[in-house]
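Letter by letter, the chains look like this.
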Amino acid sequence: MDVNEFRQAAKEAVDQIADYHESVPSRPVVSNVQPGYLRPLLPAEAPLDPEPFADIAADIQSKIMPGITHWSSPGFMAFFPCSSSYPAAIAEMWSNAFNGAHFNWICSPAATELETVTLDWLAQALALPSCFLSGGETHGGGVIHGSASEAILTVMVAARDKYLAARTAHLPEGEDKEEETWRLRSRLVALGSAGAHSSTKKAAQVLGVRFATVPVDEEHGFALQGPALARTLEDLAAKGLEPFYLTATLGTTDVCAVDDFPGIVNALAPRAGTATEVWVHVDAAYAGSALLLDENKSLTQPMADFHSFNFNPHKWMLTTFDCSAVWVRSRADLISALSIKPPYLRNQFSDGDLVTDYRDWQIPLGRRFRSLKLWVVLRSYGLRGLQAHVRKGVSLCENLETKLRQRPDLFTIFTPARFALLSFRLAGHNEEQVNRRTEALYEQINAAGQFYLTSTVINGKFAIRICTGVAATQPEHIQKVFEALVEGTERLVANEEKTVHSLEENGVKTNGVKANGIAKNGVETNGITSNGAAR
């Protein structure tokens with residue numbers, strides 16, 4: 001492909017992509033292909049000779065498109081949004097044009113310096129404590145990683161090395177220090193609440209350290225509480241273990257709970273500044289975008305006592321995947337754990353410590369020019385435009401909660417709307433029936449294809465999650481999903497009643513069970529499953 005062919009194909013691709021975005025609302029949200037669908041449609045081997053680009057573009061439409069789940073659909077209310085925008089898409093094109101590994105300053109000075117400036121802008125917009133700014137008093141700063149999981153693994157590496165260095169600082173270099181270091185490594189424990197994302201446990205698994213869970217409860221909205229953390233620390237100490245790291249969460253995956261940050265500070269205060277200090281990382285992968293709103297900025301105040309913070313602009317801030325922003329209060333902690341300087345990476349700027357080399361702030365060596373799209377999005381929308389986008393998602397979720405609460409005969413709110421996420425369950429007489437009905441409705445809605453929802457199970461309770469942060473979602477889509485939930489629930493209840501009546505007419509004993517779970521003679525439901533069959 002020469003430059004003229006590129007001009008033509010690229011212009012056609014832009015039109016096709018724009019047409020795709022316009023058509024997304026009319027497409028089924030989730031792909032309905034079966035596993036293995038693609039291999040029979042493609043040749044067994046790569047072509048030996050070049051193929052016309054028009055043929056390749058046609059295959060994208062006919063073979064690839066059927067296997068795409070449309071995350072930008074207004075009916076996509078699952079997981080969390082993976083957002084995009086036209087400004088971000090254009091910036092990605094420029095980033096691809098400036099293709100390079102960008103691992104140190106000399107590789108592309110703009111790639112490094114724009115990242116530093118843009119992450120300072122963003123830290124200020126989120127009201128992060130000044131210790132996380134590149135010019136802050138603790139020499140911290142921000143860096144862009146690929147995902148929150150990568151961020152957690154990276155800061156856990158820094159936390160491990162920082163802890164081990166502090167615990168063995170009293171020993172001279174030599175065999176005794178090395179033996180004590182390895183003894184301590186075998187006792188290290190990373191912590192997260194029962195609601196923390198699984199990436200914390202996975203990072204501990206990768207690093208070969210233990211993982212312990214801090215329990216949460218429904219009374220506190222499934223948020224980690226300071227007293228529960230203190231009890232867990234006591235239990236670990238009694239076993240001779242060494243807790244060194246904690247993931248605290250702003251917006252848990254299941255229900256968007258916010259951990260008790262002041263309580264965490266209090267629980268860890270006896271260790272602060274000592275050799276047993278616990279590194280606290282705040283995982284705000286999805287909900288961090290909500291810190292753009294003034295009413296949420298107070299949540300960041302306790303973070304001045306924490307060590308790192310992360311959120312993903314590629315989730316709710318209109319920035320294409322991948323873009324995960326990470327801040328640390330001390331860049332030296334990352335650099336000392338991750339910096340290696342072979343001769344081929346040395347240059348006059350890096351050797352003189354005049355510049356930032358982000359390769360020392362991450363696990364991979366190479367890196368994309370991801371700050372460009374973040375910078376373009378911030379400028380294209382402005383903070384007010386981004387605030388309006390986030391606030392719309394919050395308002396839509398609160399509106400759906402109001403609608404669900406107006407039908408207490410059908411629904412119960414499990415966790416109220418927060419950061420554009422709520423969870424709910426169907427009404428019922430007992431937990432078994434509630435779980436059964438809720439799961440049946442969940443499967444029914446997803447099978448219909450107009451909406452895509454996800455579920456969770458916490459302490460044995462099955463709940464449906466709905467997230468309203470997708471940019472294309474509008475009030476009419478909230479009304480439609482509510483109507484679908486009502487219609488589906490009423491049909492489930494009616495089918496239960498019909499099944500019970502049919503069984504009784506045929507002489508099957510149901511103890512007078514009704515669909516609401518209460519027998520005519522006061523006996524609780526037992527023996528009727530969600531599909532109406534006797535157990």
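Above this text sits the structure in question.
In this text, all values refer to a predicted model and were calculated from it rather than measured experimentally.

What counts, and where the lines are drawn
- Residues numbered from 1 in each chain as written.
- Predicted model: local features only at pLDDT ≥ 70, side-chain atom pairs only at ≥ 80, totals over all residues.
- Heavy atoms only, no water.
- Phe/Tyr/Trp six-rings, centres within 6.5 Å; stacked < 30°, edge-to-face > 60°.
- Helix = DSSP H or I, 4+ residues; strand = E, 2+ residues; numbered from the N terminus.
- Buried < 20%, exposed > 50% of the residue type's maximum accessible area, 1.4 Å probe, protein only.
- Lys NZ or Arg CZ within 6 Å of the ring centre and 35° of its normal.
- Disulfide = S-S within 2.5 Å.
- Pairing = 2+ DSSP bridges.
- Axes fitted to C-alpha atoms, helices over the stretch in contact; angles between N-to-C directions.
- Contact = heavy atoms within 4.5 Å.
- Polar contact = N/O pair within 3.5 Å; in protein donor to acceptor, adjacent residues only side chain to side chain.
- Expected span 1.5 Å × (residues − 1).
- Arc of directions from axis to C-beta.

**So, the packing of aromatic side chains**
Pairs of aromatic rings are described using the distance from one ring centre to the other and the angle between the two planes.
Item 1. The final tally for this structure, using the stated rule, is 17 aromatic pairs.
Item 2. Ring centres 5.5 Å apart and planes at 40° place the aromatic pair Phe 222 and Phe 414 in the tilted group. In this pair, Phe 222 is assigned in the loop between strand E3 (210-214) and helix H8 (226-238) and Phe 414 in strand E8 (residues 411-418), connecting sequence segments 192 residues apart.
Item 3. What makes Phe 222 buried here is its relative accessible area of 4%.
Item 4. Through successive ring pairs, a cluster of aromatic residues spans Trp 71, Phe 76, Phe 79 and Tyr 452.
Item 5. Cation over ring: Arg 425 sits above Phe 414, and NZ or CZ is 5.9 Å from the ring centre.

**Focus on the state of the cysteines**
Item 1. As enumerated under the stated definition, the model contains zero disulfides in all.
Item 2. Distance from the sulfur of Cys 107, which forms no disulfide, to the nearest cysteine sulfur (Cys 323) is 20 Å.
Item 3. Unpaired in terms of disulfides, Cys 256 finds its nearest cysteine sulfur in Cys 467, a separation of 7.1 Å.
Item 4. Overall, the relative accessible area of 0% leaves Cys 256 in the buried class.

**What to know about the sheet that holds E8**
Item 1. An order of E8-E9-E11-E10 is seen for the four strands of this open sheet, with the pairing classed as antiparallel. Each edge of the open sheet carries a strand with a single partner, namely E8 and strand E10 (454-458). In this sheet, neighbouring strand axes are inclined to one another by 30° on average, regardless of whether the strands run parallel or antiparallel.
Item 2. Contacts from helix H13 (residues 371-405) reach E8, strand E9 (421-426) and strand E11 (461-467) within the one sheet, and its direction differs from that of E8 by about 160°.

**Brief notes about the side chain of Thr 247**
Item 1. Mapped onto the secondary structure, Thr 247 falls in strand E4 (residues 242-249).
Item 2. In this structure the side chain of Thr 247 is engaged in a polar contact, spanning 2.8 Å, whose partner is the side chain of Thr 200.
Item 3. When neighbours within four sequence positions are excluded, Thr 247 is seen to be in contact with Ile 152, Leu 191, Gly 192, Ser 193, Thr 200, Asp 259, His 281 and Asp 283.

**Focus on unusual backbone geometry**
Item 1. Residue Phe 321 is joined to Asp 322 through a cis peptide bond whose omega torsion reads 5°.
Item 2. Position of Asp 322 among the secondary structure elements: in the loop between helix H10 (313-316) and strand E7 (324-328).
Item 3. We note that Phe 222 has phi near 65°; this positive angle belongs to a residue other than glycine.
Item 4. Not every positive phi belongs to a glycine, and Ala 420 is a case in point at roughly 65°.
Item 5. Within the secondary structure, Ala 420 is located in the loop between E8 and E9.

**Topic: H8**
Side chains that are three or four residues apart share a direction in an α-helix, a result of its 3.6 residues per turn.
Item 1. In this model H8 runs 19 Å from its N-terminal to its C-terminal C-alpha over 13 residues, within 8% of the 18 Å that 1.5 Å per residue would give.
Item 2. Taken together, the buried positions of H8 are occupied by Gly 226, Ala 228, Leu 229, Thr 232, Leu 233 and Leu 236. Along the long axis of H8, the arc covered by the buried residues comes to 160°, so they all point the same way. For H8, exposure combined with an orientation more than 90 degrees from the buried face picks out Arg 231, Glu 234 and Ala 238.
Item 3. Taken together, the buried residues of H8 touch strand E2 (188-193), E3, E4 and helix H9 (261-268).

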